[in-house]
Amino acid sequence: MARELVVSPRAEADIVAAADRFFAYAGATPQALKRQEALIEAIRGLVHAPVTFRASLRFDGVRERIVSGCTIYFEVTPDTGENATAGNVLVLHIKLPGQDDPKRL
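Residues numbered from 1 in each chain as written. Predicted model: local features only at pLDDT ≥ 70, side-chain atom pairs only at ≥ 80, totals over all residues. Heavy atoms only, no water.

## Focus: the overall build of the protein
Across its full length, the protein carries 2 helices and 4 strands. Starting at the N terminus, the α and β elements of the protein follow one another as β-α-α-β-β-β. For the protein, whose C-alpha radius of gyration is 14 Å, the value lies close to the compact-globule estimate of 13 Å for 105 residues. Its C-alpha atoms put the protein at 45 × 30 × 20 Å along the principal axes. Residues counted as buried form 39% of the 105 residues belonging to the protein. Put simply, of all contacts in the protein between residues at least 6 apart along the chain, 57% involve residues at least 24 apart. Accessible area of the protein: about 6100 Å², with a carbon and sulfur share of 53%. (Helix = DSSP H or I, 4+ residues; strand = E, 2+ residues; numbered from the N terminus. Rg over C-alpha atoms; globule rule 2.2 N^0.38 Å. Buried < 20%, exposed > 50% of the residue type's maximum accessible area, 1.4 Å probe, protein only. Contact = heavy atoms within 4.5 Å. Areas by Shrake-Rupley, 256 points an atom, 1.4 Å probe, with all protein chains shown as cover.)

What follows is the structure, given as structure tokens:
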């Protein structure tokens, strides 16, 4: 099934903030680059098997994937519980390492 991946403006800003955080201390080190690449690839990879990742305990209808110390919050519409029939993916927010859990998405 072909799925669409949409990254919300909030999540786009979070990706930029993640890069700033990863590179803040030592510049573009191999480790910082790997963390950023892993985050981007994890987001892109959501379209392949979105319901593989756990349902959020905080937010109804939202799933979570953790990578590079970040939590990716996303919705699958429709969320059928089966990767073969699940729908499009909307990335809502990315919680960065050390940030508090969001109160809302």
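On we go from here.
## Concerning the environment of Ile43
Mapped onto the fold, Ile43 is located in helix α2 (residues 30–45). Classification of Ile43 by relative accessible area gives buried; the value is 4%. As a C-alpha pair, Ile43 and Val89 span 46 residues in sequence and 9.7 Å in three-dimensional space.

## Regarding the environment of Ala13
Within the element layout of this structure, Ala13 appears in helix α1 (residues 9–24). Its relative accessible area of 45% is what places Ala13 among the partly exposed residues. On a C-alpha basis, the gap between Ala13 and Ser56 in space is 21 Å, while along the polypeptide they are 43 residues apart.

## Here we look at the pairing of strand β3 (residues 70–77)
Across the 8 residues that make up β3, a large majority, 6, are buried. Where strand β2 (residues 63–67) lies against β3, 5 bridges are found, and the strand directions are antiparallel. Paired with Arg65 across the bridge in β3 is Ile72. Linking β2 back to β3 in an antiparallel pair, the connection comprises 2 residues, with Ser68 at a positive phi of about 55°. Examined bridge by bridge, β3 and strand β4 (residues 88–95) share 7 bridges and lie antiparallel to one another. Residue Ile72 lies in a different strand from β4, and its bridge partner there is Ile94. (Pairing = 2+ DSSP bridges.)

## With respect to the nonpolar core
Ranked by size, the top nonpolar core spans 21 residues in total, and within it Leu39, Ile43, Leu46, Ile72, Phe74, Val91 and Ile94 carry the most contacts. Each residue touching Ile43, except ones within four places of it in the same chain, is listed here: Leu5, Val7, Ile15, Ile72, Val91 and Ile94. (Core = buried A, V, L, I, M, F, W, Y, C linked by side-chain atoms within 4.5 Å.)

## Details of the packing of α1 against α2
Look at α1 against α2: their axes get within 8 Å of each other, and the N-to-C directions meet at 160°. Compared by their axis directions, α1 and α2 come out roughly antiparallel. Of the two elements, α1 crosses α2, and the hand of that crossing is right-handed. Packed against α1, whose contacting residues are Ile15, Ala18, Ala19, Phe22 and Phe23, the element α2 presents Ala32, Leu33, Arg35, Gln36, Leu39, Ile40 and Ile43 at the interface. For the contact of α1 with α2, a count of residues per class yields 10 nonpolar, 1 polar and 1 charged. (Axes fitted to C-alpha atoms, helices over the stretch in contact; angles between N-to-C directions. Parallel < 35°, antiparallel > 145°, perpendicular 65-115°, else oblique. Left-handed = near helix turned anticlockwise from the far one by under 90°. Nonpolar A, V, L, I, M, F, W, Y, C, P; charged D, E, K, R; others polar.)

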